[in-house]
Amino acid sequence: MLATNGIPTAEELAPRIPPAERLKKGPVAIIECFQKIPCNPCSTACKTGAIEKFEDINDLPSVDLEKCTGCGLCISKCPGLAIFVVDETYSEMEAAVSLPFEFLPLPAEGEEVDVLDRSGKTVGRGKVIRVRNGKYEDRTPVVTVAVPKELSMVVRNIRVGGDRR
Amino acid sequence: MKHAEIAVIGGGPAGLMAALAAAEMGAKVTLVDRNSRLGGQLVKQTHKFFGSEKEYASIRGIDIGRILATEVHKNPNIETMLNSTVVAYYPDDGVLGIEVEEKKWVKMKAERIVVATGASEKYLLFENNDLPGIYGAGAVQTLMNEHGVVPGKNVLMVGAGNIGLIVSYQLMQAGVNVKAIIDAAPSIGGYWVHASKVARLGVPILTSYTVKAAYPNEMTGALERAVIWRVDDRWQPVPGTEKVFNVDVMCIAVGLSPLAELLWQAGCKMMYVPELGGHVPVRNDNMETTVSGIYVAGDVAGVEEASSAMMEGRLAGLSAAKSLGYDDGTYEEKKAEALKELENLRSGPVGGKIRKGLAQLAS
Ligand SMILES: Cc1cc2nc3c(=O)[nH]c(=O)nc-3n(C[C@H](O)[C@H](O)[C@H](O)COP(=O)(O)OP(=O)(O)OC[C@H]3O[C@@H](n4cnc5c(N)ncnc54)[C@H](O)[C@@H]3O)c2cc1C
Ligand code: SF4
Ligand code: SF4
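To keep things clear, this report deals only with the structure shown in the data block. This one's a predicted model, so the numbers in the text were calculated from it and none came from an experiment. (Residues numbered from 1 in each chain as written. Chains lettered and ligands numbered in written order. Predicted model: local features only at pLDDT ≥ 70, side-chain atom pairs only at ≥ 80, totals over all residues. Heavy atoms only, no water.)

### What about the pattern of salt bridges?
For step 1, the next point in the chain: All chains considered together, the criterion is met by 22 salt bridges over all chains.
For step 2, the next point in the chain: Where Arg314(B) meets Glu24(B), a salt bridge forms, and the shortest distance between an N and an O atom there is 3.1 Å. Highlighted residues: Arg314(B) in helix H7 (residues 306-323) and Glu24(B) in helix H1 (residues 13-24), separated in sequence by 290 residues.
For step 3, the next point in the chain: Residue class for Arg314(B) comes out buried when judged on its relative accessible area of 17%.
For step 4, the next point in the chain: Here Glu24(B) falls in the partly exposed class, since its relative accessible area comes to 38%.
For step 5, the next point in the chain: The salt bridge involving Glu312(B) is made with Arg346(B); its shortest N-O contact spans 2.8 Å. A residue pair is termed long-range when its members are at least 10 positions apart, and Glu312(B) in helix H7 and Arg346(B) in helix H8 (residues 331-346) qualify at 34 residues. In this structure, Glu312(B) and Arg346(B) share a single accessibility class: buried.
For step 6, the next point in the chain: Connected through shared salt-bridge partners, Glu112(A), Asp114(A), Arg125(A) and Arg159(A) make up one network. (Salt bridge = Lys/Arg side-chain N within 4 Å of Asp/Glu carboxyl O. Helix = DSSP H or I, 4+ residues; strand = E, 2+ residues; numbered from the N terminus. Buried < 20%, exposed > 50% of the residue type's maximum accessible area, 1.4 Å probe, protein only.)

This is the structure we're talking about:
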C-alpha cells in the first residue's frame, strides 16, 4: 500500500491503467502519481495537451488517452519519477516500457538487463531498445526496454550488470 | 562599524530571494552567510524539485541554488559576505555581531534585518546513539554530495519523511546499500512518489518501527549492528518484534527545528507550534516579527519547503524595502502575487499541517 511501503496495490493502480483498446493503438503515458502534492511540471511539459492544465497546483495529473501520443517528453520532467510510457504494439510478443533511470552505469542500446517490479524484485530479463540522455533529459535518462507483453504493467525499473547487493 | 540598509542573514533559498526582491525595489542589501558559498540546503540537493515554474520546478536543487546565487552576485545592489556567521544581535542599539572567517569580528548596524537562517536537525534518543557511524541526514548529504565521500557500505535510514526518502535514494545512487527505511509513524510522512522511487530499488520501508539500540564492533568501537522494534498504536514498543540489521551506518532523519537563536536574542515573540517544527516567530503577512524592522523567511519561520521559503523570502525582501520607502508603485501587486503563490502551494492535503500551524500562530 502506498501509504505504508510506497508500493501501490492493484486497487490503487487500477484507475491509472488504460483500457486494452487504447493499449492496442500504440504508446501511452501512465502516470503513477497518486497523492495531491504541490507540483505541476508534467502538465507544463506535455506539448499535446494530453496532461490537462492544473487549476490548482495540488491537482492530480490525468492523461487524455486520445491526445497522448506516447512521445515520452513528460518522463524526465517529473521530479517524482512517476511517469512511464508503455507501448504494447512494440512487437507480437513484447511491449516496450520507457522509464526514468538515474543510475550509473547506463545500459547500452541492445544490452540485456534485469527488469524489476515496483518493489524492486527481479521479474525477468529485457532488452534495452533506446536510451535518451540529452540536454532535454537534464541527467534523468529515459531508458526504453522491451519486455514480455504480460509484464508491461509490472516492469518499472531495470538493473544493469547484475545484483550488486 | 559597518552600515547596511537591509541585512539578510542566511543565503539559502529564502535569503537569496529576499535579497533579490529587496534589490529589485532599489534597496541596498548585504547578504551574510556562514558558508563559503550561497545556496543553503540547495547545494546538497541533487534531485529535481517540486513546485511550479515560479519556484524552478523540475530543476535540481543544486542548479536552483546556482541560478539564484549567480543573480545575486551580478546584482549591483547586493553585497555578499561569505564565511561570515552572525553570532549576536544587540537589541539596545540594533547592532549585529559577525564573525568573519573565524578570525575577524565585524559589527554591522542595519536599518532592516531579514533572518533566513534555516533549520537544524533533530536527534533521536536510544541506547548508544553516539557511536561512530551514526549520522544526521544532513551530515551524510554533506559528505556525499559536497565532498564525494560515501559514509559506509550498509545503511539503516531512520525516518520516512521526504529527507529520509531522498537521502536514501541518493545513497543508492552512490552505490551504498540502504537495508531499510524505518519510521515510528504508522504511515509514510514523505511524498509517495519519493517512497515509490526507493521501493522500486528494492529498499523496504517499515512503518511503525523505531530504534531499540545500536551496538559497536568490539575492535573498532564503531557501529556494527542496529536493532529495531515495532511500536503499537500508543507508540509503545512491543517486545518480541525486534529485527536486527548488520549496518555500519545509521542515518537519522527525524525532522528539523528552526534555527532561531538570533530571534530570541532580539526579543521577538516566539510561539511553540509543533506543526512548524518547534518555536517559531510570530509575524504579520509582511513576514515582519513583533520587533519592528526584523523580518523572517524560510525554515526559520516554520520548517517547510524550498518553494515556500522562496516565496516567503520574496515577501520579506519586498516588505523590508517598502518600509524604507522603496516602492516604484509595484509593491502591492508583487506582494499580492507572492501571497497568492504561497496560498496555492499550501492549499492541498499535504499542506494541511502547515496551514494548521500557521493558523495557530496567527491566533
Ligand atoms: C534532503 C532534503 C531534500 C529536500 N528536498 C526538497 C524538495 O524536493 N523541494 C523543496 O521545495 N524543498 C526541499 N527540501 C527543503 C528545502 O531544502 C528547505 O526547506 C529550504 O532549503 C529552506 O530554505 P531556507 O533558506 O529557509 O534555509 P537553508 O536552505 O537552510 O539556508 C539557511 C542558510 O543560513 C545560513 N546561516 C544559518 N545561520 C547563520 C548565521 N548565524 N549566520 C550566517 N549564516 C547563517 C546557513 O549557512 C544557510 O546557508 C529538502 C531538504 C532536505 C534536507
Ligand atoms: S507521453 Fe507525450 S503526449 Fe503523452 S502525456 Fe507525456 S508528453 Fe504528453
Ligand atoms: S510532475 Fe510528476 S510528481 Fe509532479 S504532479 Fe506531475 S506526475 Fe506528479
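### Here we look at the sheet that holds strand S3 (residues 94-100) of chain A
All names here are of chain A.
For step 1, the next point in the chain: Strand order in this open sheet of seven strands is S1-S2-S3-S6-S5-S4-S7, and the pairing throughout is antiparallel. Bordering the open sheet on either side are strand S1 (28-31) and strand S7 (157-159), each of which pairs with just one other strand. For this sheet the average axis-to-axis angle between neighbouring strands, irrespective of direction, equals 40°.
For step 2, the next point in the chain: As paired strands, strand S4 (residues 112-116) and S7 are joined by three bridges and run antiparallel to one another. (Pairing = 2+ DSSP bridges. Axes fitted to C-alpha atoms, helices over the stretch in contact; angles between N-to-C directions.)

### Some details on the sheet that holds strand S9 (residues 154-158) of chain B
All names here are of chain B.
For step 1, the next point in the chain: Within the open sheet, the five strands sit side by side as S8-S15-S9-S10-S11. Their pairing is parallel. Of all the strands in the sheet, just strand S8 (134-136) and strand S11 (205-207) have a single pairing partner and so form its edges. When strand polarity is set aside, the average angle formed by the axes of neighbouring strands in this sheet is 20°.
For step 2, the next point in the chain: In the packing of helix H3 (residues 137-147) onto the sheet, the strands contacted are S8 and strand S15 (249-252), and the crossing angle to S8 comes to about 90°. (Contact = heavy atoms within 4.5 Å.)

### Re empty space enclosed by the protein
Leftover empty space is mapped by rolling, across the atoms, a probe with the size of a water molecule.
Residues and elements named next belong to chain A.
For step 1, the next point in the chain: Applying the stated criterion across every chain yields a total of six cavities of 30 Å³ or more.
For step 2, the next point in the chain: Taken together, 17 residues make up the lining of the largest cavity; nearest its centre are Cys-33, Cys-39, Cys-42, Pro-61 and Cys-78.
For step 3, the next point in the chain: Here the residues of the lining of the largest cavity are counted per class, giving 13 nonpolar, three polar and one charged. (1 Å grid on protein atoms, 1.4 Å probe; cavity = no way out; pocket = protein on both sides within 12 Å on 5 of 7 lines; lining within 4 Å. Points joined across faces, edges and corners; volume = space filled by probe spheres on them. Nonpolar A, V, L, I, M, F, W, Y, C, P; charged D, E, K, R; others polar.)

### Points about the interface of chain A and chain B
For step 1, the next point in the chain: Counting from both sides, the interface comprises 41 residues of chain A and, opposite them, 38 residues of chain B.
For step 2, the next point in the chain: A buried area of about 3,400 Å², summed over both sides, lies between chain A and chain B, and 53% of it is on carbon and sulfur atoms.
For step 3, the next point in the chain: Between chain A and chain B we count two salt bridges in total.
For step 4, the next point in the chain: Arg139(A) is the partner of Asp63(B) in a salt bridge, and the nearest nitrogen-oxygen pair spans 2.6 Å.
For step 5, the next point in the chain: Taken together, chain A and chain B are joined by 25 residue pairs in polar contact (both at pLDDT 80 or more).
For step 6, the next point in the chain: Elements with a minimum of two residues in the side of chain A that touches chain B: helix H1 (2-5) and helix H4 (41-45) of chain A.
For step 7, the next point in the chain: Ranked by residue count, the leading element in the side of chain A that touches chain B is H1(A), at four residues.
For step 8, the next point in the chain: Class assignment for the residues of the side of chain A that touches chain B results in 16 nonpolar, 13 polar and twelve charged. (Buried area = accessible area lost by both parts, 1.4 Å probe. Polar contact = N/O pair within 3.5 Å; in protein donor to acceptor, adjacent residues only side chain to side chain.)

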